[in-house]
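# Chain and residue survey
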Amino acid sequence: MSRLQRVFAFAGLVGTGLCLLGTLLFTTAGPNEIGRELTAFLIWALSFLLIFFGLIGWGAGYVRSEKPRLGAALIGAPALTGVLFGLSLAGIELPSMGRLLLIAPTSVMTLVVGYDLWTHQVSDDS
């Protein structure tokens, strides 16, 4: 893995940690703590950007290397989720199954990453 790919992977992990911190701040805020809620919202915004660009950059490194399936999964999940989220912001309503479409790319990405880890582990054992 190249150094730039490691930086993107680390950015994605930091973004995930910040997302958890933002969730903790938001859920522990009282009814009159607008400062804490605003801080949590800003942390969420930063974390989503880090996760989005971190996964895309990390996946781009894999597309260029010997694991294009893993790279396509890491790029495709945030890209498709971003497109579907953008459509909902634009006012284009999806049918009731539309929310499932937001979850499906991430689920497929998780399966591909898990499969890659499993096959990588099996090939190391033999």
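As the structure is a computational prediction, the values presented were derived from the model and not from experiment.

A few words now on the side chain of Gln5. You can see Gln5 is positioned in helix α1 (residues 3-28). In this structure Gln5 touches Trp58, Gly61 and Tyr62, once residues within four positions along its chain are discounted.

Moving on, we come to the packing of aromatic side chains. Enumeration according to the criterion identifies four aromatic pairs in this entry. Taken together, a centroid distance of 5.2 Å and an interplanar angle of 85° make the contact between Phe52 and Phe53 edge-to-face. For Phe52, a relative accessible area of 27% corresponds to the partly exposed category. Overall, the relative accessible area of 47% leaves Phe53 in the partly exposed class. Taking the centre distance of 6.3 Å and the plane angle of 45° together, the rings of Trp58 and Tyr62 count as tilted. Taken as a pair, Trp58 and Tyr62 lie in helix α2 (residues 34-64) at a separation of four residues, close to a single helical turn. Trp58 sits in the partly exposed class, given a relative accessible area of 25%. Under the relative-accessibility criterion, Tyr62 is labelled buried at 13%.

Generally speaking, a soluble globular protein has its nonpolar side chains buried in company with each other. Among the nonpolar cores identified, the biggest contains eight residues, and these are Leu55, Tyr62, Leu70, Ala73, Leu74, Ala77, Met109 and Val112. The set of elements that each furnish at least two residues to this core consists of α2, α3 (68-89) and α4 (98-125). Ranked by residue count, the leading element in this core is α3, at four residues. The contacts of Leu74, once residues within four sequence positions are left out, are Leu55, Ile56, Trp58, Gly59, Tyr62, Met109 and Val113.

So, about a nonpolar patch on the surface. A surface patch of nonpolar side chains, about 610 Å² in accessible area, is lined by Phe85, Leu89, Met97, Leu100, Leu102 and Ile103. Of all the elements in the fold, those that place two or more residues in the nonpolar patch are α3 and α4. Turning to its location among the elements, Leu102 is positioned in helix α4. For Leu102, a relative accessible area of 32% puts it in the partly exposed group.

So, about the environment of Tyr115. Assignment of secondary structure puts Tyr115 in helix α4. A relative accessible area of 41% means that Tyr115 is categorised as partly exposed. As a C-alpha pair, Tyr115 and Leu70 span 45 residues in sequence and 9.2 Å in three-dimensional space.

Before going further, it helps to spend a moment on the pattern of salt bridges. Within the structure shown, the criterion is met by one salt bridge. Residue Asp116 is joined to Lys67 by a salt bridge in which the shortest nitrogen-to-oxygen separation is 3.6 Å. Residue Asp116 is found in helix α4, and its partner Lys67 is found in the loop between α2 and α3; the two are separated by 49 residues along the sequence. Assessed through its relative accessible area of 16%, Asp116 is described here as buried.

Conventions adopted
Residues numbered from 1 in each chain as written. Predicted model: local features only at pLDDT ≥ 70, side-chain atom pairs only at ≥ 80, totals over all residues. Heavy atoms only, no water. Helix = DSSP H or I, 4+ residues; strand = E, 2+ residues; numbered from the N terminus. Contact = heavy atoms within 4.5 Å. Phe/Tyr/Trp six-rings, centres within 6.5 Å; stacked < 30°, edge-to-face > 60°. Buried < 20%, exposed > 50% of the residue type's maximum accessible area, 1.4 Å probe, protein only. Core = buried A, V, L, I, M, F, W, Y, C linked by side-chain atoms within 4.5 Å. Patch = residues over 30% accessible without salt bridge, like charges linked within 9 Å, V, L, I, M, F, W, Y side chains within 5 Å. Areas by Shrake-Rupley, 256 points an atom, 1.4 Å probe, with all protein chains shown as cover. Salt bridge = Lys/Arg side-chain N within 4 Å of Asp/Glu carboxyl O.

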